[in-house]
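Fold and geometry: a report
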Amino acid sequence: MSKYIDDKQKFEYFQRLIEPYTKKNVKRFFIDQYLNGDGNELKSKFWSKKSSSRFAFDLYSWLAKDPNVLDFQFEFKLPGMASGGKTPNMDVFIETENKLIFIESKFSELADWKYMSDGGLSEAYWLNAPYGSKQMSLVERYHDCECATHFRDFIIEFDAKMKTVTRDGNEWFYAKQETCHLIGIALYLHLNPSLKSKKVCLYNIVWNLKGDKFPSDLSKAFDGLLDKYQQKLFAGVNFEYKTFSAQSLLADGMELDVKVGFSDEVRNLIDPFEKYSENCTRSDMKKK
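Everything in this summary refers to the structure shown in the same document.

1. Points about the packing of helix 5 (residues 148-162) against helix 6 (residues 175-191)
Two numbers describe how helix 5 lies on helix 6: the axes approach to 12 Å, and their chain directions differ by 170°. With respect to each other, helix 5 and helix 6 are oriented roughly antiparallel. Crossing geometry of helix 5 relative to helix 6 is assigned as right-handed. Contact with helix 5, carried on its side by Phe-151, Phe-154, Ile-155, Phe-158 and Met-162, involves Ala-175, Thr-179, Leu-182, Ile-183 and Ala-186 of helix 6 and no other residues of that element.

2. Let's talk about the environment of Thr-164
By secondary structure assignment, the location of Thr-164 is in the loop between helix 5 and helix 6. With 57 residues separating them in the primary sequence, Thr-164 and Ala-221 have C-alpha atoms 9.7 Å apart.

3. Some words on the pattern of salt bridges
Side chains carrying opposite charge are able to pair once their charged atoms draw close together. Under the defined criterion, the tally for this structure stands at 17 salt bridges. Its salt-bridge partner being Asp-71, residue Arg-28 comes within 3.1 Å of it at the nearest N-O pair. Of the two residues, Arg-28 is situated in strand 2 (residues 26-29) and Asp-71 in strand 3 (residues 71-77); the sequence distance between them amounts to 43 residues. By the burial criterion, Arg-28 is buried, and Asp-71 matches it.

4. A look at helix 9 (residues 264-276)
Over its 13 residues, helix 9 runs 19 Å from end to end, which matches the ideal 18 Å to within 8%, given 1.5 Å per residue. The sharpest bend along helix 9 comes to roughly 35°, located at Ile-270, with the proline Pro-272 sitting one to four residues further on. Of the positions making up helix 9, those classed as buried are Val-266, Ile-270, Phe-273 and Tyr-276.

5. A look at the packing of aromatic side chains
The description of an aromatic ring pair rests on the distance of the ring centres and on the angle between the ring planes. Going through the model one piece at a time under the given rule, you end up with 39 aromatic pairs. Measuring from ring centre to ring centre gives 4.8 Å for Tyr-21 and Phe-30, while their planes differ by 35°; the resulting arrangement is tilted. On the accessibility criterion, Tyr-21 (5% relative accessible area) is buried. Residue classification places Phe-30 among the buried positions, given a relative accessible area of 6%. Note on Phe-57 and Phe-74: the rings are 5.7 Å apart at their centroids and 50° apart in plane angle, and the pair reads as tilted. On the criterion of sequence distance, the pair formed by Phe-57 in helix 3 (residues 52-60) and Phe-74 in strand 3 is long-range, its members being 17 residues apart. Each member of the pair, Phe-57 as well as Phe-74, is classed as buried. Taken together, the ring pairs connect Tyr-13, Phe-14, Tyr-21, Phe-30, Tyr-34, Phe-46, Trp-47, Phe-57, Phe-72 and Phe-74 into an aromatic cluster. The lysine or arginine in question, Lys-288, covers the ring of Tyr-276, its NZ or CZ lying 3.8 Å from the ring centre.

6. What to know about the nonpolar core
Ranked by internal contacts, the top residues of the largest apolar core, which has 51 residues, are Phe-102, Tyr-142, Phe-154 and Ile-155. Those elements that place two or more of their residues in this core are strand 4 (89-95), strand 5 (99-106), helix 5, helix 6, strand 6 (199-206), helix 7 (217-233) and strand 7 (239-245). With residues near it in sequence (within four places) discarded, Phe-102 still touches Phe-76, Leu-78, Met-90, Val-92, Phe-93, Ile-185, Tyr-188, Val-200, Cys-201, Leu-202 and Tyr-203. By size, the runner-up hydrophobic cluster in this structure holds 41 residues, among which are Phe-57, Leu-63, Phe-107 and Ile-270.

Quick notes on the rules
Residues numbered from 1 in each chain as written. Predicted model: local features only at pLDDT ≥ 70, side-chain atom pairs only at ≥ 80, totals over all residues. Heavy atoms only, no water. Axes fitted to C-alpha atoms, helices over the stretch in contact; angles between N-to-C directions. Helix = DSSP H or I, 4+ residues; strand = E, 2+ residues; numbered from the N terminus. Parallel < 35°, antiparallel > 145°, perpendicular 65-115°, else oblique. Left-handed = near helix turned anticlockwise from the far one by under 90°. Contact = heavy atoms within 4.5 Å. Salt bridge = Lys/Arg side-chain N within 4 Å of Asp/Glu carboxyl O. Buried < 20%, exposed > 50% of the residue type's maximum accessible area, 1.4 Å probe, protein only. Expected span 1.5 Å × (residues − 1). Bend = angle between axes of the 7 residues up to and from the residue. Phe/Tyr/Trp six-rings, centres within 6.5 Å; stacked < 30°, edge-to-face > 60°. Lys NZ or Arg CZ within 6 Å of the ring centre and 35° of its normal. Core = buried A, V, L, I, M, F, W, Y, C linked by side-chain atoms within 4.5 Å.

Laid out in structure tokens, this is it:
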């Protein structure tokens, strides 16, 4: 059995990917967003039957036409460190009149356990000394944002906490990635201060597979530490962080400015993903 969808299905997706939509008086195309993203998704990954990006596309793309949504993008680029390096991409970005919603969407992938002491997070994020070719200070690397020292403290404390968490072979929570997203959102707000008047939401929305602990011990540890540091990391911002399953999202709807329900059409698009992953753990899915 092929690991990829067939050519007829690919053609149907391309038709949806090239269909334009307009937000903020700008004509946008999904295909541009994926081509400009860092993951090179459309080369092969998007066409896999277990593709996380295609799963997100089927689950959220309809929101681009919702009149309550002021802006909508996939692979939304957040600011990186001023010293250079990769910039974090959010799987989904939604702006309404009152909210900015950043979504990390996952289907079947296993998390990487690397963090600070394992070489996962670059020294640019936490080293309290001149760094890089420009020998930038910690605060300079954070675009002169006062959140810099608080993120350093958060990273160091969570690195120690990770060592106390029992490693789960089906772990879905990717702590390094979530930290980079938090930092990227904080820098985005710092560089766009007019947006701080809106409620800012970071949602980690994951397809709950057989054997998953939901929430996992690692995600609970991260949530707990973020509760401690949130007011320092996002000073003056109405910030909300949640992790929950895509199944609960489909069942209960999603809070934007009004309750949004997912149509039968969207549920039908998700059905092949549900069938492909039925009775599978994340370890099982890695082998498929």
